[in-house]
Amino acid sequence: MSVPRRLAFVIPMLTILAMLTAGYAEASCDDDERPSLPEPLSINSTINSIKVSWIPNGSARFYDLNIRQISNNTSVVSITGGLENQRRYIATNLVPNEDFEVWFTPRTEAGAEGCISATPIRVTVRTENPTGTGTGTGTGTGTGTGPTDGCAGLAGEEAAICKQHNVYRAKHRVPSLTWSTDLARNAQEWVNGCHTNKNANGDEFFCHQNKSFGCGTDANYHYGENLSFGYPSRTGKEAVDGWYCEINVYDFNNPAVKGGVMFGCDNNPDKVTGHFTQVIWRDSAKLGCAQKTCKLGGNAGTLWACEYDPPGNFNADQPGVLNRNVPKPIQGLVGERIAAGSSTSQTRTAIISDVDLYDVPGGVGRVIGVLRQGQTYPLIRCREDDWCQLSNGWVWGSFIVRNHSRPR
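Throughout what follows, the structure given in this document is the object of discussion. (Residues numbered from 1 in each chain as written. Predicted model: local features only at pLDDT ≥ 70, side-chain atom pairs only at ≥ 80, totals over all residues. Heavy atoms only, no water.)

## Brief notes about the overall build of the protein chain
- When you go through the protein chain residue by residue, the secondary structure sums to 6 helices and 20 strands.
- Taking all 408 residues of the protein chain together, 48% fall into the buried category.
- Working note: accessible area of the protein chain is about 18,900 Å², and carbon and sulfur atoms make up 48% of it. (Helix = DSSP H or I, 4+ residues; strand = E, 2+ residues; numbered from the N terminus. Buried < 20%, exposed > 50% of the residue type's maximum accessible area, 1.4 Å probe, protein only. Areas by Shrake-Rupley, 256 points an atom, 1.4 Å probe, with all protein chains shown as cover.)

Here it is, written out as structure tokens:
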């Protein structure tokens, strides 16, 4: 795979309507004296605040930051050569549901002295009013590419357990699951029976419906399945959190699906990892879950079952299967960017730093050009693997200004 040039993770997680612009520089500075933009840089908005975060880079010790409310052309923040060695600034008490223009650029000296970056960041940020939660239809017919799009039409616990799956999958850069009413129906039929079995020690446990290693009788059952039980109750989000916590004992450098009898969130090496790997399994595309109040050992609680299609882990002993289907999580802000949902459609983007342009996504095709920092292009779409299609080719998504807002 051809590796894209220097990865500069610039991560706006909000409505970005403007773009990087050139020309904001002092003529007395040579190009080799100008500081680079910090990396990573994030700009987050809430209902009434804007937070700019960055990591100092190179010779930059001071920063210019200007925030202007566009509707009335009012400056709410004006800092020139300040914020010495700081890593964040929060503008508070802003008007909700308004657009603000944010300018940010590093400087080598305090005040108006020294050199500044040749290409500052200039974006438009929108503060948003609180939005209510929809009632949903329960059909779950969404097929979008965002981490919550596959859960469209759901409400309550169904929506929560579906979205939590996709939040975790986004951290590992695997495609979102789409809700399936057929799988949900299958899960409901199974949990309605509160099926249990006993191990060699006589301990009772809820069993899977797979005929080969569970207590089901359907010879045609071919889905993956996760079970979770908690008393006096357990939410769908808690069930997924409990499955995902097995990542603590999963060895990405020497992957194997453990089949022990213990599971949970601590670092006990005897605990299973099959629930975690099924949640993240790249090739799984559909999800359906259901809950039922059942008793185990005299304790009444909530039993959850989630079905996955195609199933995960069934061929986990084959070389390379785990490496491909259970990738490592993305560290730091990048995971937050992918996990965020977009509420608007971005039609143009700007190039953050020089990067190769490919004829096909994935970095495996032919390099057809080089995009330069500050250039702008029409943006067609971005895929789940973070490769984005411009009007003239494909580019790695970390090199462009992305349009993201908080999930609704």
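## Here we look at the side chain of threonine 302
- Structurally, threonine 302 is set in strand β14 (residues 299-309).
- Classification of threonine 302 by relative accessible area gives buried; the value is 8%.
- Within the local environment of threonine 302, its side chain forms a polar contact with the backbone nitrogen of arginine 234, the two atoms lying 3.2 Å apart.
- Beyond its immediate stretch of four places on either side in the chain, threonine 302 contacts Ser228, Phe229, Gly230, Pro232, Ser233, Arg234, Gln291 and Lys292. (Polar contact = N/O pair within 3.5 Å; in protein donor to acceptor, adjacent residues only side chain to side chain. Contact = heavy atoms within 4.5 Å.)

## Description of the state of the cysteines
- This structure, assessed with the given rule, holds 5 disulfides.
- Residue pairing for cysteine 194: its cysteine sulfur links by disulfide to cysteine 294, the two sulfurs lying 2.0 Å apart. Every disulfide takes its handedness from the sign of the S-S torsion; for cysteine 194 and cysteine 294 that torsion is -75°, giving left-handed. Taken together, the positions of cysteine 194 in the loop between α2 (181-191) and β10 (196-198) and cysteine 294 in strand β13 (residues 286-296) put the pair 100 residues apart, joining distant regions of the chain.
- Residue pairing for cysteine 207: its cysteine sulfur links by disulfide to cysteine 215, the two sulfurs lying 1.6 Å apart. Here cysteine 207 and cysteine 215 share a disulfide; its torsion about the S-S bond, 60°, makes the bridge right-handed.
- The class of cysteine 207 is buried, set by a relative accessible area of 3%. (Disulfide = S-S within 2.5 Å.)

## Some points on the sheet that holds strand β12 (residues 224-230)
- Reading across the sheet, the 4 strands line up as β9-β13-β14-β12 and stay open at both edges, with mixed pairing between neighbours. One side of each edge strand has no neighbouring strand; the edge strands of this open sheet are β9 (178-179) and β12.
- Bridge count for β13 against β14 is 11 bridges, and the pairing is antiparallel. Directly across from lysine 292, in β14, lies its bridge partner leucine 303. (Pairing = 2+ DSSP bridges.)

## Some words on the environment of aspartate 64
- Tracing the backbone through its elements, the reader meets aspartate 64 in strand β4 (residues 62-69).
- Each C-alpha atom of the pair aspartate 64 and glycine 111 lies 8.7 Å from the other, and the pair is 47 residues apart in sequence.
- From its side chain, aspartate 64 meets the backbone nitrogen of glycine 81 in a polar contact 2.6 Å long.

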